[in-house]
Amino acid sequence: MSKVLVSSGNIGSATAAILAKQGLDVSLLVRKSESNPELEKLGISFMVADAAKPETLAKAFEGIDAFFFVSPLIENMVELAANLISAAKVAGVKHIVRSSANGANPNAPIAMGKLHGQVEQLIKNSGIAYTIVQPSTFFQNILGSIPTIKSQQAFYGSSGEGKNGLVDVRDIAAVAATAIAEGAVHEGKTYIVTGPDAISNYDVAKILSEQLGTEIKYVDLPAEDLGKAYKSYGMGYWIINALLELDNITKLGYVANLSDDVKTVTGKAPISFAEFIRDNLAAFK
């Protein structure tokens, strides 16, 4: 039976659950010891290691055949990724599936695209068989705006009328899990993972209003004002700039592309934003 190591987080947990239900031996890579009865019930174990401490990684990768690899958007993403890839190579991992970002390229004009592109290049240069999954922005990000949606019936951004091929984390996980479970047929492939529609934040507000039965507004702010709001929440300069860059390229129309890769890989059409909201209505009440 294949042994799979999966990065923790929303995408990782969803992917691990799919793979465990398929009978694979799955471990979730976490930075500190934790308990998750739902995942443990599926037979998923937890492997404690820290990518910032390379000496902790050897045990995590021992006997691992495939590694599903997700990184948070942080300034030292490439350095941490290099440590993980090196440990995977030393351990003899046969297949890396990487959750990257739509538009990733080492020469991308924004931090998010550039860092993800550099990590992709490290994987390709490692000699390990790989599959790259490049998702658009997640539906789940709207959950972070629930406090203002509840208190002000509004959420905020600076992307104007720009559209984005927003996607559900569950679809990203489904593509990643399929690539791991089916192995060789997906090696060397890059999949663009989007939802079924390119929608703007104004469209998001309309769908929210329809599904919640009350008017929700999208308030478009100048980037400078949004940045000040982020700062007031305690966010650092680097991540504020990265988020504003994403809003700007969305506004300019660079992330409106759509792909059929979810259906091609999994055999199922991607989840719509309306369906996502219906599945999460309780969170907005």
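Now for a look at the structure at hand.

Rules used in this analysis
- Residues numbered from 1 in each chain as written.
- Predicted model: local features only at pLDDT ≥ 70, side-chain atom pairs only at ≥ 80, totals over all residues.
- Heavy atoms only, no water.
- Helix = DSSP H or I, 4+ residues; strand = E, 2+ residues; numbered from the N terminus.
- Rg over C-alpha atoms; globule rule 2.2 N^0.38 Å.
- Buried < 20%, exposed > 50% of the residue type's maximum accessible area, 1.4 Å probe, protein only.
- Contact = heavy atoms within 4.5 Å.
- Areas by Shrake-Rupley, 256 points an atom, 1.4 Å probe, with all protein chains shown as cover.
- Lys, Arg positive; Asp, Glu negative; His and termini not counted.
- Charge placed at Lys NZ, Arg CZ, Asp CG, Glu CD.
- Pairing = 2+ DSSP bridges.
- Axes fitted to C-alpha atoms, helices over the stretch in contact; angles between N-to-C directions.
- Salt bridge = Lys/Arg side-chain N within 4 Å of Asp/Glu carboxyl O.
- Parallel < 35°, antiparallel > 145°, perpendicular 65-115°, else oblique.
- Left-handed = near helix turned anticlockwise from the far one by under 90°.
- Nonpolar A, V, L, I, M, F, W, Y, C, P; charged D, E, K, R; others polar.

Right, let's talk about the overall build of the protein chain for a bit. Across its full length, the protein chain holds 13 helices and 9 strands. Here the C-alpha radius of gyration of the protein chain, 19 Å, is about what a compact globule of 285 residues would show, namely 19 Å. Each of the three principal axes of the protein chain carries a C-alpha extent, and together these read 55 × 35 × 35 Å. Burial statistics for the protein chain: of 285 residues in total, 49% are counted as buried. Sequence-distant contacts, at least 24 apart, represent 72% of the contacts inside the protein chain between residues at least 6 apart. Summing over all exposed atoms, the protein chain offers an accessible surface of approximately 13500 Å²; the carbon and sulfur share of this is 51%. Distance from the positive charge centre (25 side chains) to the negative charge centre (29 side chains) of the protein chain: 2 Å.

Here we come to the sheet that holds strand β2 (residues 25-30). Read from one edge to the other, the open sheet built from 7 strands follows the order β3-β2-β1-β4-β5-β6-β8, with strand pairing classed as parallel. Edge strands, defined here as strands with exactly one partner in the open sheet, are β3 (45-48) and β8 (190-193). Taken pair by pair, the neighbouring strands of this sheet meet at an average axis angle of 20 degrees, ignoring direction. Summarising the sheet, β2 and β3 pair through 4 bridges and their orientation is parallel. Looking at the pairing, Leu 28 lines up with Phe 46 of β3. Helix α5 (residues 111-126) rests against β4 (66-70), β5 (95-99) and β6 (129-135) of the sheet, and its axis sits at about 175 degrees to β5. Its contacts with the sheet put helix α7 (residues 169-182) on β1 (3-7), β4, β5, β6 and β8, and the angle it makes with β5 is roughly 170 degrees.

Throughout the structure, instances matching the rule amount to 6 salt bridges. Of the charged contacts, one joins Lys 163 and Asp 203 as a salt bridge, the two residues approaching to 2.8 Å between their closest N and O atoms. Of this pair, Lys 163 sits in the loop between β7 (154-157) and α7 while Asp 203 is found in helix α8 (residues 201-212), placing the two residues 40 residues apart along the sequence. By relative accessible area, which is 35% here, Lys 163 ends up partly exposed. Relative accessible area serves as the criterion here: at 24%, Asp 203 is assigned to the partly exposed category. The closest approach of N and O atoms between Asp 168 and Arg 170, which form a salt bridge, is 2.8 Å. Residue Arg 170 is classed as partly exposed on the basis of its relative accessible area of 34%.

Remark: helix α4 (residues 77-91) packs on α5, axes separated minimally by 10 Å, with the N-to-C direction vectors making an angle of 20 degrees. Between α4 and α5, the interaxial angle falls into the category roughly parallel. Pair α4 / α5 crosses with right-handed handedness. In this structure, α4 contributes Met 77, Val 78, Ala 81, Ala 82, Ile 85 and Lys 89 to the contact, and α5 contributes Leu 115, His 116, Gln 118, Val 119, Leu 122, Ile 123 and Ser 126. Counted by class, the contact of α4 with α5 contains 9 nonpolar, 3 polar and 1 charged residues.

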